[in-house]
Amino acid sequence: MKKILVLCTGNSCRSQIAHGFLNYYTGNIHRVYSAGTNPHQINPLAIKTMTEVGIDISFHTSNDLREYLGIDFDFIITVCDHANENCPIFPNSTAFRIHQNFKDPSKVVGSEKQILAAFEKCREDISEFCLEFSKTYLAN
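So, a few notes on the structure that sits alongside this text. (Residues numbered from 1 in each chain as written. Predicted model: local features only at pLDDT ≥ 70, side-chain atom pairs only at ≥ 80, totals over all residues. Heavy atoms only, no water.)

1. A short note on the pattern of salt bridges
Pairs can form between side chains of opposite charge once their charged atoms are near each other.
Then, in step 1: All chains considered together, the criterion is met by six salt bridges.
Then, in step 2: R14 is the partner of D104 in a salt bridge, and the nearest nitrogen-oxygen pair spans 3.5 Å. Separated by 90 residues along the polypeptide, D104 in the loop between strand 4 (96-99) and helix 4 (112-138) and R14 in helix 1 (residues 14-25) bring together distant segments of the chain. Residue D104 shares its accessibility class with R14, and that shared class is buried.
Then, in step 3: The partner of D125 in a salt bridge is K121, and the shortest N-O contact between them spans 2.9 Å. Of this pair, D125 and K121 both sit in helix 4, four residues apart, roughly one helical turn.
Then, in step 4: Given the relative accessible area of 51%, K121 is considered exposed.
Then, in step 5: Connected through salt bridges with shared partners, the residues K48, E52, R123 and E124 form a single ionic network. (Salt bridge = Lys/Arg side-chain N within 4 Å of Asp/Glu carboxyl O. Helix = DSSP H or I, 4+ residues; strand = E, 2+ residues; numbered from the N terminus. Buried < 20%, exposed > 50% of the residue type's maximum accessible area, 1.4 Å probe, protein only.)

2. Section: unusual backbone geometry
Then, in step 1: The phi angle at N11 is positive, at roughly 50 degrees, despite the residue not being glycine.
Then, in step 2: Among the secondary structure elements, N11 is positioned in the loop between strand 1 (3-8) and helix 1.
Then, in step 3: Residues other than glycine seldom take positive phi values, yet N28 does so here, at roughly 60 degrees.
Then, in step 4: Relative to the helices and strands, N28 resides in the loop between helix 1 and strand 2 (31-36).

3. Here we look at the pairing of strand 2
Then, in step 1: Across the six residues of strand 2, five count as buried, placing the element largely inside the fold.
Then, in step 2: In this fold, the crossover linking strand 1 to strand 2 by way of helix 1 has right-handed handedness. (Right-handed = clockwise from strand over helix to strand, strands pointing away.)

4. Some points on the packing of aromatic side chains
Then, in step 1: In total, this model carries 11 aromatic pairs according to the counting rule given.
Then, in step 2: Ring centres of F21 and Y25 lie 5.6 Å apart, and the angle between their planes is 15 degrees; on these two criteria the pair is classed as stacked. Separated by four residues within a single helix, F21 and Y25 lie in helix 1, roughly one turn from each other.
Then, in step 3: Look at Y25 and you get partly exposed, because its relative accessible area is 27%. (Phe/Tyr/Trp six-rings, centres within 6.5 Å; stacked < 30°, edge-to-face > 60°.)

5. Structural notes on the packing of helix 2 (residues 44-51) against helix 4
Then, in step 1: Where helix 2 meets helix 4, the axes come as close as 10 Å, and the angle between the chain directions of the two elements is 60 degrees. Pair helix 2 / helix 4 crosses with right-handed handedness. In this structure, helix 2 uses L45, A46, K48, T49 and M50 to contact helix 4, whose residues at the interface are I115, L116, F119, E120 and R123. (Axes fitted to C-alpha atoms, helices over the stretch in contact; angles between N-to-C directions. Left-handed = near helix turned anticlockwise from the far one by under 90°. Contact = heavy atoms within 4.5 Å.)

6. Comments concerning the nonpolar core
The nonpolar side chains of a soluble globular protein tend to be buried with one another.
Then, in step 1: One finds I4 and L5 to be the most contacted residues of the largest nonpolar core, which totals 37 residues.
Then, in step 2: Elements represented by at least two residues in this core include exactly strand 1, helix 1, strand 2, helix 2, strand 3 (75-78) and helix 4.
Then, in step 3: Examining the composition of this core, we find that seven residues originate from one element, helix 4, more than from any other. (Core = buried A, V, L, I, M, F, W, Y, C linked by side-chain atoms within 4.5 Å.)

See the structure below:
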């Protein structure tokens, strides 16, 4: 069982979506955590857009990355540039770090339709990344 941490700034959208997809693509056999450098509540549109593809993240919590400093992770994935630049050293970890920046859909200004489209685009981009990550690093 691998331990994977997904980091974002707010742990409200992109890292939560990645957390959901990593659990889905790996059949929940690995331990996936998500956290933020400055956590906020989970964005309701992140929950909605994941529900549209049959993945429930409504029970996820938004966590501060400091809660996990003592865990020896196998992988640390940063999904935004800010988290990548501000990710601390995990003293007990030998983690392989991977960075992939995804545009923050919660920053999109526009109509409800445009904002939802941004969340759906972000979801699809993260889905592709997580599927490839799972095949590359977690396949048995």
